[in-house]
Amino acid sequence: MLRNRPDMVTIQGGGGGGDRRCGFCMIRKRFTVGPGGLLYVVVTMLIYAAAQFTQANLLFWGFGLLIGGLVISVAMSWLTMRRIELQRVLPAHGVAGEAMMLRYQLINRKKWTPAFGLRISERWVDDRRRWWWWRRSRLPDSLNGRPYGWVLHLGANQTAQAEAPCWPTKRGHLHFHRVTVTTTFPFNVIGRVIEYDLPGRVLVYPHLWRIDRRVLHKLSAADPYGRKRLDRGGGHEEFYGLRQYRVGDSMKLIDWKRSARTGELVTRDLTQPSPPRLMVGLDLTGGPPADEKHVARNGGRRRRRSAARPQPDPIESAISLAASLVCDAYFHGYQIGLIVSGADAAAFPIHHSLPHRSRMLETLSLLNPAQPSPDAQTPAVPPTVIVRPAGHRGTMEVGRAVVFDTAHMDQYVSALQGGSEAVLSRTAAPRTRRQMMQLDESWN
Amino acid sequence: MHLFRKLAFLQVLLGICASTMAERNIGLLLVAGTLAVLSWYVVEGPTGRALPKWVIFIATFAATGRLGYELYQLKGQNLIVTISHYTLWLQIVLLYSQKLNRDYAQLLVLSILQMISACVLGVSLIFGALLVTYCVVALFTILLFQLKVSSDLVHEHNRRSAPEGAPVTRPKPVVGRGFRWQFRWAAVVCGLSCGLFGAAAFLLMPRTQAGQMSQSFVPQLARQQTGFATQIKLGRQVNVNGGDQIVMHARLIDHDKGLLRENDSLLLRGTVLDSYDPITHLWRRTDVTGPNDDVMLDIPPDGFTLLDLPPSAPRLEATVVLLSTQQRHLFSPDLPLARISDASESKLVFNPQTRQLRTTSNRPGTIIYRLTCATRLPPGVTPLADFKRRVRPVAAGQPHTLGQRSPGNSRSRRTYARRWSVQTQRIRELTTRIIDQAGLERDFEALYQSADAQICQAMVDYLRDTRRFSYSLDVPPPPVGLYPIVNFLFNTRAGHCELFASAMTAMARSVGLRARVVSGYRTGDFNAIGGYHVVRQKNAHAWMEVEFAPSLWRSFDATPPQIVSAEHVAARTWLTPLRELYEHIEYLWARTVVGYDSDARSEVLADVTRPIRTAGGNRSIWAAIVQWFKDAYDRLTLDIVSQVLVIVIAVFILIGLLTLLRILIVRRRRLVALQLTALPRHQRRQLSRQLRFYLTMLDSLERYGYIRPAWQSPFAFARELADHEPARFDPVVALTELFYEVRFGYRKLDEQRTTAVRTHLSRLEQSLKQKPT
C-alpha cells in the first residue's frame, strides 16, 4: 500500500495567459497545435479553396463550420482549463524496476463548466535554454518515459484523482520539477497546456529480490523457523519457572495446584523468544580500475526495449542483494544490522523494527560508491554475511561470515511474485510458529 | 468506445449515401451501401474478423487503378465525381480492415473529403437533410474520437516507458458525476456555435464568379440526367419520358391573367436544332448564318433590355430557378424576350438570332434568372430591330459561339434551315396535298409568303388529327433502310414529340419554308403552395418553329396537346398537397441556400445594417433598433399561400410540442407512481419501461374499485387482496412478485417473464369480469 506524503502542494490555475506566479509556484499557460490541428487546418483550407473555385454555397457553410470549430476549440480549451487546482500525491517510496504510481488530485473550482479529456504528465525542463517554451523536456536517467495520467471528465465543483504509473530504473532520489495538464477537447485541434512548477522527490529503493529461504535459514544459527528461546522469563514460549503472582498476570498463567498447595497465588513464568540475528556487510572495496568501473556503470544507464539487454552493474547488484537481505530478514522476524565498507554510510547495529529497516533501506538507496568512507568502520558484531560485487576482492574481514558474490546471484535470489509491496507493506514480523508457517506457504 | 465505432461507421455510411444521392447514382448507392453495411457484419459481427492486409493492399491498388482509368476515360472532365468515387472505394476498403486510431483518422478525413465533393454536386433538399445529419453525427464522432485518442495516447506512453514484460493496464476513465449529460451539453454547445459560424460565413462571405480552374471540376451530368438533350437522335428506342426529378421551378406572371396556374402551360425553349443528318438521323445545331448574325449578347449583372416595351404592353414576368446547373443551356419562355436579368452572377449570354439563353460560367449550384417576355409584340416592333446597335461582344473580337461554326456566306444564309434531303418528293407531295386541302398554295422557291402561317397551321392540324396520328412513347426503331421520319409519316403514324416536331419540320422545309426543331421543356405541375410551375425531367419536349419574316420565328407544336398534358401533368391524389409542400420546401432550400448569391448577400447585409444606417439625426442606434422591431409586423406582409404555409408549419410545430409535453408528463407520472424518481437516470428509464405492467395491473384494479393507497406497499396490497379472495386475486400476487423481482432483484424482464406477465394480466382481466364470490 502506498502511503501519501503529508506535504502535498496545491496549485490553482487562474485565468489569463502567459506566466503567472501563484504563491511560490509559477504557472505557465499556452496553446499548442498538434498533427491533428494541422490536418484540420489543411482540410479547412481545402474547403475554402473548393468554395472559392466552385462557389458552391454549401461549401461556404462547411468552411464556416470548420472555422467555428477552430474558434470553439480555442474558446473551449481556454474555458476548460480555468480554475483547475492540482495536487500531486507522491508515494512514500518507490522500488527500482517496479511500477510507482503517482497520483494527481484535480479540483475544478468553476461553477458551471466541466473539463474533459485532461492529460497529466510530468515535465523535466532543461534549464540550460534561455526561453522556457524552447526548453524541451529532459527525462531523468532513472526513467524510460514520462508518466501520464488521464481524466476523462471533471465536472464543475468536483474532484477527481488520476493515476500515472512510472517505472524508475535506478535507486536514489527521483526528482520532479513540473506538472503539465493538457486538454485538446473538443476537436483535438488546439491544445491548452498549463504547466506548474511543482518540485518534489521520491526515494527509490534498490531493486528487491526474494532471498531463497534455505539460504536465509543457513545464515542464521536458529531453528528452521527462525527462533531461539532465551533462559529468561517474561515471555510467551516454554515453561521457565514459577514465581509469585503479580498484579496484571493473566489468569491462565496461574498454577492453581501449587497455589492451593502453598496457599498463595503462584504464576507460571514462560521464556522469552529470541529471534535470529543477521549482520549484513556490504563490501564494495577492492574493485576493478576506474575506467572499467565507469564502463560497467554506464552500461545500465538507459535500458531501451530495442537495445540489447546490458549486463547489470555489479555494485548495484550487490546493493540490491543487501537490500533484499535486509527486507527479507526483517520480513522473517530477524534482527538485522548493516555495515558498509567502501562507501560513506552509517553502520546500523542489530535491531528489529520497521523504522530501523526503513533507515537501512534509505541508506542503501542513497549509497554513493564513488564517495569512499573516510575511515574504516569496525562493527560491534562481526557480519554474518558479506555481500561483494562481482570482481571485487573486498577488504572486510571474513571470519565465520558467509560471502555472497553477485556473480552467483541466481543461487541466492529469485524474482518477487507480485512486486515488493508484499514485503515492504508488512510492518510486523510473524510472532508465532503458525503465522510463520502460513507465511511460508503463502510465499511458496 | 464501442459507441465511437458505431458512430464512425454511421458517419461513413451517411457520407456514402449523401455523395451518391448528390451524384444521383442509385446503382452506386446500392452497391457501395451494401458493401459498407456488410463490412459491419464482417468486421464487427459476432464472429467478425478484418480482412488480411494483403487483401486490403490489393483492394487499395485496385481503387487507385480505377481512379486512373476514370481520369483517362473522362479526360479530367468529371474530376469531382472521380475523386468522390475514389474516396468512396477507399473508405469501403478501410471499413474491411483492422483499424487503429490512424486508420480511423484516415476514414474520417476521407469521409469529409467525400462530403466536400458531394457539396459541389448536391442541390436537393434530401442532400441538405443528409448533410445536416452527417454534421451532427460527425460532431459526436469527432468528440468521442478525441477522447479515445487521448486515452490511447496515455496508454501508449505508459506502455513504452514500462520495462519489457511489465503488465500495463489501460487507464480507467476517471469520470465525475453527470458525465453523460454534461458531455451532451458540451456537444450541443459546440454544434450550435459551429453552426452559427457556418451560417455567418454562409451569409457574409463574398461570392465571386467561378474561376477558370473550376472548369475542369464541373461534372457533365446534365446529359445523363435530364430528359432535355442538346441533340436529338431519331430512329432508336429511347426513354424520352425522363423521370420525376425536378429540373427547375418557373414562376410565371402574366400582366393580363395574373399568376399562371396549372391550366396555363407554356413552352420553355432550350436549344435550337437546325441541321438534320440523314445518315445518323441526328438533329443538331449549326451556325451557318454567319458571324455577324450569331453574336452572343453578354448580359450584365444588372440586366439587359432587348425590347423597349411600353408600360401598357402585355408582358409575362418569369422567374426561373434552375436546379441542374451542370448544363450550360438555360430555358426561357417561347415568347419574344424583352429583358433578361441574372440574379446569381452566372455570366449569362443570349443569342438573339436563335433566342437561346446560355451561361458561360461553369459554376455549379442553382441559377436564378428573371425574364420579361412580350406576349404580344406592339405594332412596328421587331425583336432584333436595334440588336446590332446595342450588341456588346463578350470579349473584344472574340464573340461567343455555339457549337461548330462554319464560314458564313450568302448562299448558306439563303439556304439556312430550308433544305430537306430525305425523300423530299414524297414528303412534298404529302405537304402539297395538305396545302391544297386547306385551299392554299405555296411557291417552293419563295422564302416568305403571306399564307405561310395558315399553311403551317394546316400542317399542325393534319398531324394533330388523332384519327391519323397517335402519340406513343414506345417507338420501335424503323426497319433497316427506312428513315424514321418517313416511317412515322407514312407507316407507323405513331411517335413522340421529337418525331412530330421532326416530321413537321421536314414537311415545312419540303415546301421551301425555313424551319427548325426546338428542344426544351413544357411546364407541368403547378405548385399551389409556392405559386410556380414545377418542371421535371419528364416534361422535356420538342417542337418546331418557322420563319415568316427576317428574324421573325413562330413556334408550332404538332404534338397532340391533350395527350402531352396528360403525360406531363401528374394526377392529383390525396398525397398531392404533401408532395407540393415538400417540393416547396425544396424550392425554398434551392432559392435561399443553394442559390444564395452576392445579391442576396447584399440584401441580407442591407437588412441587418439598415437600422444603424437609418439611425441618423437625433435618434440613437437603440431607438432605431426598437423602431425596427416595432415596424417588423408591417414588414411581414405575406400573401395567402405563405400565410397558409406559415399556419400549417405552426400547427405542426404546436402539435409536436404538445405531443412532446404529453410524453414528458406521462413519463413523469409513471415514475412517480412507481416511486423511481430517486434512482439514477438510466436505471430510472429502464425500470420505468419494464415495470409498466404493474401500472397496467393497478389501472385494471382501479376500474373495478380496488385502489391501492399510497401508504401501502405493493406486497401488502397484494396480500390483502389475496386474503380477501385468494382465487380471484392470485394473478395480482404473481404480478407483484414479478414486480419485486424486476424492481429490487434487478432481474431482466426477459421473454419468459414477459409471457408470464401477459398471462397473469389476461387472467386478472377475466377474474375481474366475474362477480365476486
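Because the structure is a prediction, the values reported are computed rather than measured.

This part takes up the overall build of chain A. The helix and strand inventory of chain A stands at 10 helices and 21 strands. Expressed as a percentage of its 444 residues, the buried residues of chain A come to 51%. Across chain A, every contact between residues at least 6 apart in sequence was considered, and the portion connecting residues at least 24 apart equals 72%. Only carbon and sulfur atoms are counted for the fraction: they give 53% of the accessible area of chain A, which is about 21,800 Å².

Across all of its chains, the model carries 33 salt bridges over all chains by this definition. As a salt-bridge pair, Glu-70 of chain B and Arg-66 of chain B come within 2.0 Å of each other at their nearest N and O atoms. One end of the pair is Glu-70 of chain B and the other is Arg-66 of chain B, both in helix α3 (residues 53-74) and 4 residues apart, which spans about a single turn. Among the charged side chains, a network of salt bridges with common partners joins Arg-28, Arg-30, Arg-123, Arg-178, Glu-195 and Asp-197 of chain A.

Here we take up helix α4 (residues 79-95) of chain B. Its 17 residues give α4 of chain B an end-to-end C-alpha distance of 24 Å, which sits within 8% of 24 Å, the value for a rise of 1.5 Å per residue. Of all 17 residues that make up α4 of chain B, 14 are buried, and the element is covered over most of its length.

A few words on the sheet that holds strand β19 (residues 385-388) of chain A. All names here are of chain A. Spatial ordering of the open sheet is given by β18-β17-β16-β19-β20, a layout of 5 strands whose pairing is mixed. Strands at the two margins of the open sheet, each flanked by one partner only, are β18 (348-351) and β20 (402-405). Put simply, the sheet's adjacent strands are angled 20 degrees from each other on average, direction ignored. Running over the sheet, helix α6 (residues 314-331) touches β16 (277-283), β17 (335-341), β19 and β20 and is turned about 170 degrees from β16. Strands β16, β17 and β18 of the sheet are contacted by helix α7 (residues 354-365), whose axis makes an angle of about 145 degrees with β18.

Looking now at the nonpolar core. Counting residues in hydrophobic clusters, the biggest one holds 67 residues, and the most contacted among them are Leu-59, Phe-185 and Phe-187 of chain A together with Phe-127 and Phe-183 of chain B. The greatest single-element share of this core, amounting to 14 residues, is contributed by helix α6 (residues 125-161) of chain B. What Phe-183 of chain B contacts, discounting residues up to four positions off in sequence, is Phe-116 and Phe-185 of chain A together with Phe-140, Leu-143, Leu-144 and Leu-147 of chain B. Counting residues in hydrophobic clusters, the runner-up holds 47 residues, among them Leu-234, Tyr-276, Ala-501 and Val-511 of chain B.

What follows covers the confidence of the model for chain B. Residue and element names in this part refer to chain B. Chain-level pLDDT for chain B is 80 on average; 85% of the residues reach the 70-or-more range. Ignoring residues within four places in sequence, the model shows residues 289-293, a span with pLDDT below 50, making 13 contacts including any to other chains. A low-confidence stretch, residues 391-408 stays under pLDDT 50, and its non-local contacts, those more than four residues away or across chains, total 40 contacts. Reported confidence for the predicted complex is 0.78 by ipTM and 0.65 by pTM.

Contact with chain A, which involves 52 residues of that partner, is made by 68 residues of chain B. In total, about 5,100 Å² of surface goes out of reach between chain A and chain B, with carbon and sulfur atoms giving 72% of it. The interface formed by chain A and chain B contains 0 salt bridges. Our count for the chain A to chain B interface comes out at 7 residue pairs in polar contact (both at pLDDT 80 or more). Top contributing element to the side of chain A that touches chain B by residue count: helix α2 (residues 57-80) of chain A, with 13 residues. Among the residues forming the side of chain A that touches chain B, the class breakdown is 31 nonpolar, 18 polar and 3 charged.

Below, the discussion takes up empty space enclosed by the protein. Residue and element names in this part refer to chain B. Across all of its chains, the model carries 4 cavities of 30 Å³ or more by this definition. Estimated volume of the largest cavity: approximately 70 Å³. If you trace the largest cavity, you find it lined by Arg-5, Ala-8, Phe-9, Ser-39, Trp-40, Val-43, Glu-44, Leu-95, Lys-99, Tyr-104 and Leu-107. Secondary-structure elements contributing two or more residues to the lining of the largest cavity are α1 (2-23), α2 (26-44) and α5 (101-121). No other element matches α2, which puts 4 residues into the lining of the largest cavity. The class makeup of the residues in the lining of the largest cavity is 7 nonpolar, 1 polar and 3 charged.

A few words on the pairing of strand β21 (residues 552-556) of chain B. Residue and element names in this part refer to chain B. Where strand β20 (residues 540-549) lies against β21, 5 bridges are found, and the strand directions are antiparallel. Note that in β21 the partner of Ala-549 across the bridge is Leu-552. Two successive antiparallel strands, β20 and β21, enclose a turn made up of 2 residues, where Ser-551 displays a positive phi of approximately 60 degrees.

Moving on to the sheet that holds strand β5 (residues 275-277) of chain B. All names here are of chain B. Reading across from one edge, β1-β6-β5 is the order of the 3 strands in this open sheet, with antiparallel pairing throughout. The sheet terminates laterally at β1 (232-233) and β5, the two strands that pair on one side only. Strands in contact with helix α14 (residues 497-510) are β1, β5 and β6 (282-284); relative to β6, the strand with the most contacts, it is inclined by about 75 degrees.

Residue and element names in this part refer to chain B. A contiguous patch of positive charge, built from Arg-180, Arg-184, Arg-667, Arg-681, Arg-685, Arg-689 and Arg-692, is present on the exposed surface. Counting residues per element, the positive patch draws most heavily on helix α21 (residues 681-690), at 3 residues. Inspection of the secondary structure puts Arg-667 in helix α20 (residues 640-674).

Okay, unusual backbone geometry next. Outside of glycine, negative phi angles account for most residues, and trans bonds account for most peptide bonds. With omega at 10 degrees, the peptide bond leading from Phe-185 of chain A into Pro-186 of chain A counts as cis. Examined against the element boundaries, Pro-186 of chain A turns out to sit in the loop between β10 (172-183) and β11 (190-205). The backbone of Gln-675 of chain B sits at a positive phi, close to 55 degrees, despite the residue not being glycine. Here Gln-675 of chain B is to be found in the loop between α20 and α21. Within the chain, Tyr-746 of chain B stands out as a residue other than glycine whose phi angle is a positive 55 degrees. By the secondary structure assignment, Tyr-746 of chain B is in the loop between α24 (730-743) and α25 (751-769).

The next point concerns the packing of helix α23 (residues 714-724) of chain B against α24 of chain B. Residues and elements named next belong to chain B. In contact at an axis separation of 9 Å, α23 and α24 are set at 165 degrees when each is read in the N-to-C sense. Looking at the two axes, α23 sits roughly antiparallel to α24. When you trace α23 past α24, the crossing you get is left-handed. The residues of α24 that touch α23, namely those facing Pro-714, Phe-715, Ala-718, Leu-721 and Ala-722, are Val-732, Val-733, Thr-736, Phe-739 and Tyr-740. Across the contact of α23 with α24, the residue classes break down as 9 nonpolar, 1 polar and no charged.

Once that is clear, we can look at the packing of α20 of chain B against helix α22 (residues 692-703) of chain B. Residue and element names in this part refer to chain B. It is the contact of α20 with α22, at a shortest axis distance of 10 Å, that shows an interaxial angle of 85 degrees. Here α20 is positioned roughly perpendicular relative to α22, judged by the angle of their axes. Each of Arg-670, Ala-673 and Leu-674 in α20 lies in contact with α22, whose residues at this interface are Arg-692, Tyr-694 and Leu-695. When grouped by side-chain class, the residues that make up the contact of α20 with α22 number 4 nonpolar, no polar and 2 charged.

Residues and elements named next belong to chain B. Judged by side-chain polarity, Trp-181, Trp-185, Val-188, Val-189 and Leu-192 come together as a nonpolar surface patch covering roughly 540 Å² of accessible area. Within the fold, Leu-192 resides in helix α7 (residues 179-204). Residue classification places Leu-192 among the exposed residues on the basis of a relative accessible area of 61%.

The next point concerns the packing of aromatic side chains. Counted by the stated rule, this structure contains 25 aromatic pairs over all chains. Ring geometry for Phe-116 of chain A against Phe-183 of chain B: centres 5.9 Å apart, planes inclined by 75 degrees, an arrangement best described as edge-to-face. Here Phe-116 of chain A is found in strand β7 (residues 115-123), whereas its partner Phe-183 of chain B is found in helix α7 on a different chain. Of the two residues, Phe-116 of chain A and Phe-183 of chain B, neither departs from the other in class, the shared state being buried. Seen in terms of ring centroids, Phe-488 of chain B and Phe-500 of chain B are 5.0 Å apart; in terms of plane orientation they differ by 75 degrees. Their pairing is edge-to-face. Of the two residues, Phe-488 of chain B is situated in helix α13 (residues 484-492) and Phe-500 of chain B in helix α14; the sequence distance between them amounts to 12 residues. The class of Phe-488 of chain B is buried, set by a relative accessible area of 1%. Using a relative accessible area of 0% as the deciding quantity, one classes Phe-500 of chain B as buried.

Procedures and definitions
Residues numbered from 1 in each chain as written. Chains lettered and ligands numbered in written order. Predicted model: local features only at pLDDT ≥ 70, side-chain atom pairs only at ≥ 80, totals over all residues. Heavy atoms only, no water. Helix = DSSP H or I, 4+ residues; strand = E, 2+ residues; numbered from the N terminus. Buried < 20%, exposed > 50% of the residue type's maximum accessible area, 1.4 Å probe, protein only. Contact = heavy atoms within 4.5 Å. Areas by Shrake-Rupley, 256 points an atom, 1.4 Å probe, with all protein chains shown as cover. Salt bridge = Lys/Arg side-chain N within 4 Å of Asp/Glu carboxyl O. Expected span 1.5 Å × (residues − 1). Pairing = 2+ DSSP bridges. Axes fitted to C-alpha atoms, helices over the stretch in contact; angles between N-to-C directions. Core = buried A, V, L, I, M, F, W, Y, C linked by side-chain atoms within 4.5 Å. pLDDT = per-residue confidence, 0-100. Buried area = accessible area lost by both parts, 1.4 Å probe. Polar contact = N/O pair within 3.5 Å; in protein donor to acceptor, adjacent residues only side chain to side chain. Nonpolar A, V, L, I, M, F, W, Y, C, P; charged D, E, K, R; others polar. 1 Å grid on protein atoms, 1.4 Å probe; cavity = no way out; pocket = protein on both sides within 12 Å on 5 of 7 lines; lining within 4 Å. Points joined across faces, edges and corners; volume = space filled by probe spheres on them. Patch = residues over 30% accessible without salt bridge, like charges linked within 9 Å, V, L, I, M, F, W, Y side chains within 5 Å. Lys, Arg positive; Asp, Glu negative; His and termini not counted. Charge placed at Lys NZ, Arg CZ, Asp CG, Glu CD. Parallel < 35°, antiparallel > 145°, perpendicular 65-115°, else oblique. Left-handed = near helix turned anticlockwise from the far one by under 90°. Phe/Tyr/Trp six-rings, centres within 6.5 Å; stacked < 30°, edge-to-face > 60°.

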